[in-house]
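Chain and residue survey
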Amino acid sequence: MEGKLYIVGVGPGSHDHMTFRAKQVIEESDTIVGYDTYVTLVEDLIAGKEIHRYAMTQEVERAKQCVDLAREGRIVSLVSSGDPGIYGMAGLIYEVLAESGWDPKTGLQVEIIPGVSALNSCASLIGSPLMTDFAVVSMSDLLVPWEIIVKRVEAAAQGDYVIVIYNPASKKRIHQLQDTRKILLKYRKPTTPVAIIKGAYRDSQSIVMTDLENMENFADQLGMISTVIIGNSSTYNFKNLMINPRGYTSKYNLESKS
């Protein structure tokens, strides 16, 4: 008898921001699989369960093991920080299943448990930067060729989107955010608000509010658990909060900010 596979978003790292359903399926599961850091985030919820921890570069092995364990009859939770459908493991699981000839109606039961993504958690800490249309771009050229990322950044800049940047830097990834800043400065003022949020809702949390001109001065805040939010032409800084007007100025006779 086949088991079930849950792909669980555990949110930013604080249990207060994990959904009730995420806690419920983790409790129901007998087996937990995940990147070591993410397993540690839920360590107090998984005592007595079979646990498989993986290094960061072992995503394919992780996905295949989850499917194999569930097909053996286990109830498996694959834990992922944030939301598993946003730069998470959901896509890879479905790729593995699709290649195996899986039929969602008759095959292994799979359920995605949505979580609070980094763009949600980080935005909530710095004000209201995502009140109008925004674009999300990862700087990881392991996922997408760099020339394609450049095209996406250019398009988002031309379209005056607020831009959320995942994976802004790593030990090997130095020039990507610098190049992105140069592209944005072709279309935006140097005073455009920028927020760098590191480790949102974790013990290591830190927040820097800066602007496009000075963001390079905070390279020490950039890394794999950092998210960068760059405002558009309407975004302004108010008492160290990034505010993007919702568009209600005329309706409520609010004074617009220049």
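These notes cover the structure that comes with them.

Calculation rules
- Residues numbered from 1 in each chain as written.
- Predicted model: local features only at pLDDT ≥ 70, side-chain atom pairs only at ≥ 80, totals over all residues.
- Heavy atoms only, no water.
- Helix = DSSP H or I, 4+ residues; strand = E, 2+ residues; numbered from the N terminus.
- Buried < 20%, exposed > 50% of the residue type's maximum accessible area, 1.4 Å probe, protein only.
- Polar contact = N/O pair within 3.5 Å; in protein donor to acceptor, adjacent residues only side chain to side chain.
- Contact = heavy atoms within 4.5 Å.
- Pairing = 2+ DSSP bridges.
- Axes fitted to C-alpha atoms, helices over the stretch in contact; angles between N-to-C directions.
- Phe/Tyr/Trp six-rings, centres within 6.5 Å; stacked < 30°, edge-to-face > 60°.
- 1 Å grid on protein atoms, 1.4 Å probe; cavity = no way out; pocket = protein on both sides within 12 Å on 5 of 7 lines; lining within 4 Å.
- Points joined across faces, edges and corners; volume = space filled by probe spheres on them.
- Nonpolar A, V, L, I, M, F, W, Y, C, P; charged D, E, K, R; others polar.
- Salt bridge = Lys/Arg side-chain N within 4 Å of Asp/Glu carboxyl O.
- Parallel < 35°, antiparallel > 145°, perpendicular 65-115°, else oblique.
- Left-handed = near helix turned anticlockwise from the far one by under 90°.

**Quick word on the side chain of Asn232**
Looking at the element boundaries, Asn232 is found in the loop between strand S11 (226-230) and strand S12 (236-238). Judged by its relative accessible area of 6%, Asn232 is buried. A polar contact of 2.9 Å, which involves the side chain of Asn232, links it to the backbone nitrogen of Ser234. A polar side-chain atom of Asn232 sits 3.1 Å from a polar atom in the side chain of Asn244. Non-local contacts of Asn232, meaning those with residues more than four positions away in its chain, are made with Thr132, Asp160, Tyr161, Val162, Arg188, Thr192 and Asn244.

**So, unusual backbone geometry**
The residue Asn167 is not glycine, and still its phi comes out positive at about 45°. Relative to the elements of secondary structure, Asn167 occurs in the loop between strand S8 (162-166) and helix H7 (175-185). Residue classification places Asn167 among the buried positions, given a relative accessible area of 15%. Positive phi values are uncommon outside glycine, yet Lys239 reaches one of about 50°.

**A closer look at the sheet that holds S12**
Across the sheet, 3 strands lie side by side as S6-S13-S12; this open sheet has mixed pairing. In this open sheet, the two edge strands, each paired with only one partner strand, are strand S6 (127-128) and S12. Here 2 bridges tie S6 to strand S13 (residues 241-243), and the two strands are oriented parallel to one another. By the bridge assignment for S13, Gly127 is matched with Met242.

**Section: the sheet that holds strand S10 (residues 206-211)**
Pairing in this open sheet of 5 strands is mixed, and the strands run S7-S8-S11-S9-S10 from one edge to the other. Sheet topology places strand S7 (134-138) and S10 at the edges, where each strand pairs with a single neighbour. The mean inter-strand angle of the sheet, taken between neighbouring strand axes irrespective of direction, is 15°. As paired strands, strand S9 (residues 193-198) and S10 are joined by 6 bridges and run antiparallel to one another. Bridge pairing in S10 places Pro193 opposite Asp211.

**Describing the packing of aromatic side chains**
Counting across every chain of the model gives 3 aromatic pairs. Relative to Tyr38, the ring of Tyr35 lies with its centre 4.9 Å away and its plane at 85°, an arrangement referred to as edge-to-face.

**Description of the layout of surface pockets**
Taken as a whole, the largest pocket encloses approximately 1300 Å³ of empty space. Forming the boundary of the largest pocket are 44 residues, of which Tyr38, Met56, Tyr87, Asn167 and Met224 lie nearest the centre. Counting only elements with at least two residues in the lining of the largest pocket, the list comes to helix H2 (36-41), helix H3 (59-71), helix H4 (90-99), helix H5 (118-126) and S11. Classifying every residue of the lining of the largest pocket by side-chain character gives 18 nonpolar, 17 polar and 9 charged.

**With respect to the pattern of salt bridges**
Side chains bearing opposite charge may pair, as long as their charged atoms lie close to each other. Across all of its chains, the model carries 8 salt bridges by this definition. One salt bridge in this structure joins Glu2 and Arg71, with 3.8 Å as the shortest N-O distance. Residue Glu2 is located in the segment before strand S1 (4-9), and its partner Arg71 is located in helix H3; the two are separated by 69 residues in the primary sequence. Residue Arg71 is classed as partly exposed on the basis of its relative accessible area of 32%. Between Glu216 and Arg181 there is a salt bridge, with its nearest N and O atoms 3.5 Å apart. Pair noted here: Glu216 is in the loop between S10 and S11 and Arg181 is in helix H7, with a separation of 35 residues, a long-range link. Glu216 sits in the partly exposed class, given a relative accessible area of 38%.

**Concerning the packing of H3 against H4**
Here H3 crosses H4 at 60°, and the two axes come no closer than 9 Å. With respect to H4, the element H3 is oriented oblique. For the element pair H3 and H4, the recorded crossing hand is right-handed. Residue-level inspection shows Glu59, Val60, Ala63, Lys64, Cys66, Val67 and Arg71 of H3 in contact with H4, the latter providing Leu92, Ile93, Val96 and Leu97.

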